[in-house]
Amino acid sequence: MQVLKFGGSSVATAETIRQVLALAEAAARRHPTVVVVSALSGVTDALIRAGHQAATNDVGYQEQLRELEHRHLALVRELLPLTGQSSVLSFVKTHCNELESLCNGVFALGELSARALDRLVSYGELLSSRIVAAGLAARGTAHQWLDSRQLIRTDARYGHAAVDFATTNAQIQAAVNGAEVALYVAPGFVAAAPDGSTTTLGRGGSDYTAAIFAGALGASQLEIWTDVSGMMTADPRLVRAARPIPRISYQEAMELSHFGAKVLYPPTIQPVMRRGIPLWIKNTFAPQDEGTLVEVAPPAHQAIVRGISSIGPVALLRLEGSGMVGIPGFSRRLFAALAQEQINVILITQSSSEHSISVAVSTAEATRAQQAANAEFAAEIGAGRLDPLYREDELAIVALVGEQMKNHPGISGRLFGALGQNGVNIRAIAQGSSEKNISTVIRQQDVRKAINVLHETFFEATTRQVNVVVTGVGNVGGKLLEQLARQQRWLREKLRLNLRVVGLANSRQFVLAEEGIDLTNWQPALAAGAPLSLPALTEQLLALNLRNTVFVDVTASAEVAQVYAGLLARSVAVVACNKVAASSEYENYAHLKALAQEFNTQFLFETNVGAGLPVIGTLGDLLRSGDEVQRLEAVLSGTLNFVFNHYDGSRPFAEVVRQAQAEGYTEPDPRLDLTGVDVARKILILAREAGHALEMSDVENASFLPVSCLEGDVPAFYEQLAAHEPHFRALYEAAAANGEKLRFVASFAAGQARVGLQALPPHHDLYSLQGKDNAVLFYTNRYTQQPLVIKGAGAGAEVTASGVFADILRAVQS
C-alpha cells in the first residue's frame, strides 16, 4: 500500500489533473494506492474570504461564490468528455448551492462561527476530489472515492481539530483492507467530530490526511506531490544555485520546515514519522526528477549543513529588567500569557545574566503578544522592576540546519563571519541543544543577501559571487573592463570567483543590472542608462543589497569620493583609483579607514601611488610584521619622469610635455602633474599609511615652474612653457654639467614630507629610472643602509587598471 497526496497547484487546471491521473494510475499498477487531493489552488482562501465577507454584511461574497462555481464547472467541462459530464456538473452545482445557502445564513446572522467556517472551507476538497475521481472514471480506471469525514474522527475543536487515532485507524483499515479496487481517492483536510459535524485539520491539513492514511494502513511509502522537485538547500526563488536535497532525516526536514521551507508542515508528518514510513517529496510537473526522500535514518553524508531556511516577517519581543535576575517564574508567565492568546513563539533566547528574555513571533501576532505580556507584567512594570516589552519589527529568521553540525566545530564562526563580512547584523541567536539548528534574527531586507552568502559558504565550494560597480569608464576604466572580461573564466576556474559587473557609470549616465552586464558589449547598456545622479546610484545599489559588493572609483571626482562613507557603512568594499579621499583632510581619511574596520569591509587604494606597483601593500606588510619606516625617497610621477627622461634641450620643454599628454601620461590639465601637486598627494598618502597624521598643507612643495605658467587655461599654460624655455634649459644644463639627472623627488623623514626637483648623481638609486618608471625607497629598522626598492612603470592605463583589478581581488579574498 502506498499513499499519494497532490497539492492545490497539482489540481489547478484540467491539464495538471490529467498529469495527476496518469501518475495515480501508474502507481496503482505497482501497488494499491490511496490518492489524497487538496482543493484547487486558491479555493480555500477564496472560501475563507467569502465567509468573512458574509459575516460583515459584505455582499461581495456572492461574487466570490459565483466565480468559484464557474471555475469548477468550467474545469469539469474541459476535463471530462461530454458523456461523462452530467452527473459531475450536477454534483458541483448542488454543492455550490449548499455553499450559497451556508453563506446566506452567515450573512443573516452577521457571525461566522468556527464550526460554520470548517463546514464552509471543506467544500474545496470535496469538489476537487470528486472531479479527480470523475476523471479516473472517464478513463475507465477502477477506483473508489472515500469520504474522509466518515473515516477520520476528531474532537470538536473546529479549525484545528485533534485526531482520535484509535477510531480513525480502525475506520480507515475497515474501509480499505480487503477491498477489490487498487485505487482510492479521498479529500484532504476534512474530518468529522463525534456528532458527525465537519471539522478541518488546520494548516497543512491535506498532508496530514495523507499521513494519517499512510500510518493507519502501514503504507510502504507516502508521496507528497507538489510544484517543486523536493526539498532544496535553500529557497530557489532567493538562491539561484539552490539544489535538491536527495535524502534527509525527519528531524532535519522538520527543522527546515519550521523556519519557512513550505514543502512540509512539521505536525502533519507525525503519523508517518512515528512508524518510520519513508516520505517522498516529488514534482507533479517534473515527475522524472528524483525528489527528496525523508526517512528516519538516511545514509551518512559529507554535507555538514543540510539546508538553509528563513521565515519572516517576524517581530522580536524583549522582556528585560533588573527585577528578573534570580527570580523564578518570569519565563513561565511570559509563555503562559502568549499561549493564552494562542500566539506561536517561533524562537526563544535568554541572556545568561537572566536580565532579559527575547522571543520572536509572527508580525501579524506581535501587537497582541505585546499587549498580553504588558498586561501580565503590569505590576512589575509599574514598580520599575521591569521595562515595558520592547518590540522590534521588520525582522526575519534565517536558520542553518544539519545533523552533522554537532560533530564539526566552527560552524557558528563561519556563519557569523560570512554574515559580518557582508554587513548583515544579527539581532538575536538561538541554537538547540541537539545542535541540529543555528538560528539568527536579522533585518527582513537582508534575507536574500544572507541566504545567498550562507549558501555560498556552506554549499558552493566551487564558486563565490562577486558584484562589482565601476564608476569611470574612460581610459583606465575601459582597460579595467577589458581585463575583467578576459579573466572571468580564469577567475572561476582558478580562484573560484564568479565576478560580474553589475553597475557602470560615467559623468553622464549610470546603469545597474543585478544579473550582470555583458562586458563584451557594455557600451550600449551604459548609453541606455539613467542620467547620472550619485545619490540615486548609491541608493539603488544599496537597495539591491547584493553580497560581496565592490564599488570601484576610476575617476578623479571629489563628488564620487563623497559616497564612500555611506557605502562602507553598509559593508560595501571601496576600491579607489581616485586619490581625492585618501589625500583629503586627515579626519576624513581616518574616518573612512575606521568605517572599513568597523563594518568589516575594505577601503583599498593601491593605485593612488605607483599605479600598478605594490607600494602601499608592501608598506602595510612592513608595518604589520613589526617594522618601522624611518625615511622614504621616491619618484612618484610617471609623467614627470617621462618628461625629464625625454628633455635634453634638443626639443622645447613644452613639446616634450605635449608628447606626454598625447601618450596618456598626464591629467587632462597637465599642470596637476607638473606643479607637483599630484606627487604631494602621493607622499602624503604614504606618510599617512606609515602612521603619521599629516595634512596636505604639511607637505613642502618646491615647484620648478615659473609662476606665470600657472595662470590662465591649458593653452595659455603651453604658451608660458614655451616662453620660459631658457629657464628649463638652464635647469637641464646645470645638472648635465655635473653628470646628474633631473628627478622630481618626494621624500619623508622625521615627520616632514617634501617634493621638488632634484639633480641626482649617478650612484643614486633613483638616477637610472627609465621612461615613465616610478621607484620608492623604503629605509626602515630592517632596511637601514640598503633600502627596500620597488621600481617599475608608474603610469599607463593597462598597469593602472591591473592595480585596480588586484585591489578588487584583495577586497573579496580578505
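The shown structure was predicted, so the numbers you read here are calculated from the model rather than taken from an experiment.

The rules behind each value
Each chain carries its own residue numbering, running from 1 in the direction its sequence is written. Totals for whole chains, interfaces and linings use every residue, but because this is a predicted model, local features are given only for residues with pLDDT of at least 70 and side-chain atom pairs only at 80 or more, for both listing and counting. Computation of side-chain values: all heavy atoms of the structure, hydrogens and water removed. By definition, any uninterrupted DSSP run of H or I lasting at least four residues is a helix, any uninterrupted run of E lasting at least two residues is a strand, and each is numbered from the N terminus. The globule rule is 2.2 Å times the number of residues to the power 0.38, and the radius of gyration it is compared with is taken over C-alpha atoms. Note that accessible areas follow from Shrake-Rupley with a 1.4 Å probe, and for residues the cover is restricted to the protein chains shown. The charge count includes Lys and Arg as positive and Asp and Glu as negative, but it does not include His or the ends of the chains. A single reference atom marks each charge: NZ on Lys, CZ on Arg, CG on Asp, CD on Glu. One bridge is not enough; two strands pair if DSSP finds at least two bridges between them. Throughout this description, the term nonpolar core refers to a set of buried Ala, Val, Leu, Ile, Met, Phe, Trp, Tyr and Cys residues connected via side-chain atoms within 4.5 Å. The buried label applies to any residue whose accessible area, calculated with a 1.4 Å probe on protein chains only, is under 20% of its type's maximum; exposed applies above 50%, and partly exposed to all values in between. Note on definitions: a residue-residue contact is assigned when non-hydrogen atoms from the two residues lie within 4.5 Å. By definition, a salt bridge exists where a carboxyl oxygen of Asp or Glu is found within 4 Å of a side-chain nitrogen of Lys or Arg. Pairs were defined over the aromatic rings of Phe, Tyr and Trp, the Trp ring being its six-membered one, requiring ring centres within 6.5 Å. Orientation was assigned from the angle between planes: stacked under 30 degrees, edge-to-face over 60, tilted for the rest. Fitting a line to C-alpha atoms yields each axis, with helices limited to the stretch in contact; the angle taken between N-to-C directions then spans 0 to 180 degrees. Orientation categories follow fixed angle ranges, with anything under 35 degrees roughly parallel, anything over 145 roughly antiparallel, 65 to 115 roughly perpendicular, and all other angles oblique. Three classes are used, and their members are as follows: Ala, Val, Leu, Ile, Met, Phe, Trp, Tyr, Cys and Pro are nonpolar, Asp, Glu, Lys and Arg are charged, and the others, Gly among them, are polar. Working note: the arc is built from the helix axis to C-beta atom directions.

Concerning the overall build of the chain
Here is step 1: Looking only at helices and strands, one finds 29 helices and 29 strands in the chain.
Here is step 2: For the chain, whose C-alpha radius of gyration is 37 Å, the value lies well above the compact-globule estimate of 28 Å for 814 residues.
Here is step 3: Considered along the principal axes of its C-alpha atoms, the chain spans approximately 115 × 70 × 55 Å.
Here is step 4: Roughly 34000 Å² of accessible area belongs to the chain as shown, and the carbon and sulfur atoms make up 50% of that amount.
Here is step 5: Counting 68 positive and 79 negative side-chain charges, the chain places the centres of these two groups 6 Å from one another.

Some words on the sheet that holds strand S17 (residues 464-471)
Here is step 1: An order of S20-S19-S18-S17-S21-S22-S23 is seen for the seven strands of this open sheet, with the pairing classed as mixed. With partners counted over all chains shown, the strands left at the sheet margins are strand S20 (530-531) and strand S23 (603-604), one partner each.
Here is step 2: When strand S18 (residues 497-505) meets strand S19 (residues 509-512), the two strands line up antiparallel, connected through three bridges. Looking at S19, one finds that alanine 505 is bridged to phenylalanine 510.

Quick notes on the nonpolar core
Here is step 1: In terms of nonpolar packing, the biggest core is built from 77 residues, with Phe551, Tyr564, Phe603, Phe653, Ile683 and Leu721 touching the most fellow members.
Here is step 2: Of the residues forming this core, the biggest block, seven residues, is contributed by helix H26 (residues 677-689).
Here is step 3: When near neighbours in sequence (up to four residues on either side) are disregarded, phenylalanine 603 contacts Tyr564, Leu568, Val574, Ala576, Ala581, Leu592, Lys593 and Ala596.
Here is step 4: Within the second largest apolar cluster, 55 residues are counted, among which are Ala14, Leu23, Ala46 and Leu89.

What to know about the pattern of salt bridges
Here is step 1: Applying the stated criterion across every chain yields a total of 33 salt bridges.
Here is step 2: A salt bridge links lysine 479 to glutamate 798; the shortest N-O distance between them is 3.8 Å. In this pair, lysine 479 sits in helix H16 (residues 475-495) while glutamate 798 sits in helix H29 (residues 797-813), placing the two residues 319 residues apart along the sequence.
Here is step 3: A residue is classified by how much of its surface remains accessible, and glutamate 798, at 35% relative accessible area, is partly exposed.
Here is step 4: With its nearest N and O atoms 3.3 Å apart, the salt bridge here joins lysine 682 to aspartate 678. Taken as a pair, lysine 682 and aspartate 678 lie in helix H26 at a separation of four residues, close to a single helical turn.
Here is step 5: Taking the relative accessible area as the measure of exposure, lysine 682 reaches 7% and is therefore buried.
Here is step 6: Its relative accessible area of 7% is what places aspartate 678 among the buried residues.
Here is step 7: Beyond isolated ion pairs, a larger network of salt bridges with shared partners links Arg333, Glu376 and Glu380.

Remarks on the packing of aromatic side chains
For any two aromatic rings, the description comes down to two numbers: the centre-to-centre distance and the angle of the planes.
Here is step 1: By the definition in use, this model includes 15 aromatic pairs.
Here is step 2: When the centroid spacing of 5.6 Å and the interplanar angle of 40° are considered together, the rings of tyrosine 61 and phenylalanine 107 count as tilted. One end of the pair, tyrosine 61, is in helix H3 (residues 60-79); the other, phenylalanine 107, is in helix H4 (residues 86-109), with 46 residues separating them in the sequence.
Here is step 3: Assessed through its relative accessible area of 27%, phenylalanine 107 is described here as partly exposed.
Here is step 4: Taken together, the aromatic side chains of Phe644, Tyr647, Phe653, Phe704, Phe728, Tyr732 and Phe744 make up a single cluster linked through ring pairs.

Notes on helix H23 (residues 638-646)
Here is step 1: Taking burial as the measure, the nine residues of H23 include seven buried ones, the bulk of the element.
Here is step 2: Inspection of H23 places Gly638, Thr639, Leu640, Asn641, Phe642, Val643 and Phe644 among the buried residues, and these make up the whole buried set.

Digging into the packing of H3 against helix H5 (residues 114-138)
Geometry of a packed helix pair, given as the angle between the helix axes and the separation of the axes.
Here is step 1: Packing of H3 against H5 leaves a shortest axis separation of 11 Å and a crossing angle of 10°. With respect to H5, the axis of H3 lies roughly parallel. The residues of H5 that touch H3, namely those facing His72, Leu75, Val76 and Leu79, are Leu127, Ile131 and Gly135.
Here is step 2: Of the residues that constitute the contact of H3 with H5, the class distribution is five nonpolar, two polar and no charged.

What about the sheet that holds strand S7 (residues 221-226)?
Here is step 1: Spatially, the eight strands line up as an open sheet ordered S3-S4-S2-S1-S7-S9-S10-S8, and their pairing is mixed. The open sheet terminates on both sides in strands that have one partner only, identified here as strand S3 (144-145) and strand S8 (247-249).
Here is step 2: In this sheet, strand S10 (residues 292-295) lies alongside S8 in parallel orientation, the contact comprising three bridges. Within the sheet, the bridge partner assigned to serine 249 lies in S10 and is glutamate 295.
Here is step 3: On top of the sheet, helix H1 (residues 14-30) reaches strand S1 (2-6), strand S2 (33-37), strand S4 (183-187) and S7; it is set at about 175° to S1, its chief contact.

Notes on helix H24 (residues 653-662)
Here is step 1: Every buried residue belonging to H24 is among Phe653, Ala654, Val656, Val657 and Ala660, and all of these are buried. Axial view of H24: buried residues confined to an arc of 160°, hence all on one face.
Here is step 2: Of the surrounding elements, those touching the buried residues of H24 are H23, helix H25 (671-674), helix H27 (714-723) and helix H28 (725-737).

Considerations on the packing of H27 against H28
Here is step 1: Across the interface, H27 lies against H28 with an axial gap of 5 Å and an inter-helix angle of 60°. When the axes of H27 and H28 are compared, the pair comes out oblique. Of H28, the residues touching H27 (which contributes Leu721, Ala722 and Ala723) are Glu725, Pro726 and Phe728.
Here is step 2: By residue class, the composition of the contact of H27 with H28 is five nonpolar, no polar and one charged.

Section: unusual backbone geometry
Here is step 1: Geometrically, the link from glycine 312 to proline 313 is a cis peptide bond, its omega value of 0° lying close to zero.
Here is step 2: Mapping proline 313 onto the fold places it in strand S11 (residues 307-320).
Here is step 3: Of note in this structure, serine 571 is not a glycine but carries a positive phi near 65°.
Here is step 4: Tracing the backbone shows serine 571 in the loop between helix H20 (564-568) and strand S22 (573-576).
Here is step 5: Accessibility expressed as a relative area gives 9% for serine 571, which makes it buried.
Here is step 6: The backbone of alanine 750 sits at a positive phi, close to 50°, despite the residue not being glycine.
Here is step 7: Within the secondary structure, alanine 750 is located in the loop between strand S26 (741-749) and strand S27 (752-760).

Digging into the pairing of strand S28 (residues 773-780)
Remark: a regular strand shows side chains that alternate across the two faces of the sheet.
Here is step 1: Counting buried residues along S28, eight of its eight residues qualify, which places the element largely inside the surrounding structure.
Here is step 2: Covered by surrounding structure in S28 are Asp773, Ala775, Leu777 and Tyr779 together with Asn774, Val776, Phe778 and Thr780, the residues of both alternating faces.
Here is step 3: Strand direction decides the pairing type here: strand S24 (residues 629-635) and S28, joined by six bridges, are antiparallel. By the bridge assignment for S28, valine 635 is matched with alanine 775.
Here is step 4: By the bridge criterion, six bridges tie S28 to strand S29 (residues 788-793) in an arrangement that is antiparallel. Along S29, the bridge assignment pairs phenylalanine 778 with leucine 788.

Structural notes on the pairing of strand S13 (residues 356-362)
Here is step 1: A large share of S13 lies buried, amounting to six of its seven residues.
Here is step 2: Where strand S12 (residues 345-350) lies against S13, five bridges are found, and the strand directions are antiparallel. Bridge pairing in S13 links leucine 347 to alanine 360.

Brief notes about the environment of leucine 622
Here is step 1: Inspection of the secondary structure puts leucine 622 in helix H22 (residues 615-624).
Here is step 2: Judged by relative accessible area, which is 8%, leucine 622 ranks as buried.
Here is step 3: Separated by 159 residues in sequence, leucine 622 and asparagine 781 place their C-alpha atoms 10.0 Å apart.
Here is step 4: Excluding its chain neighbours within four sequence positions, the residues that come into contact with leucine 622 are Asp627, Phe778, Thr780, Arg782, Tyr783 and Leu788.

Some details on the environment of tyrosine 61
Here is step 1: Judged by its relative accessible area of 2%, tyrosine 61 falls in the buried class.
Here is step 2: Note: C-alpha distance between tyrosine 61 and cysteine 103 (42 residues apart in sequence) is 7.7 Å.
Here is step 3: Ignoring anything within four residues of it in the chain, the contact list for tyrosine 61 reads Ala50, Gln53, Ala54, Cys103, Asn104 and Phe107.

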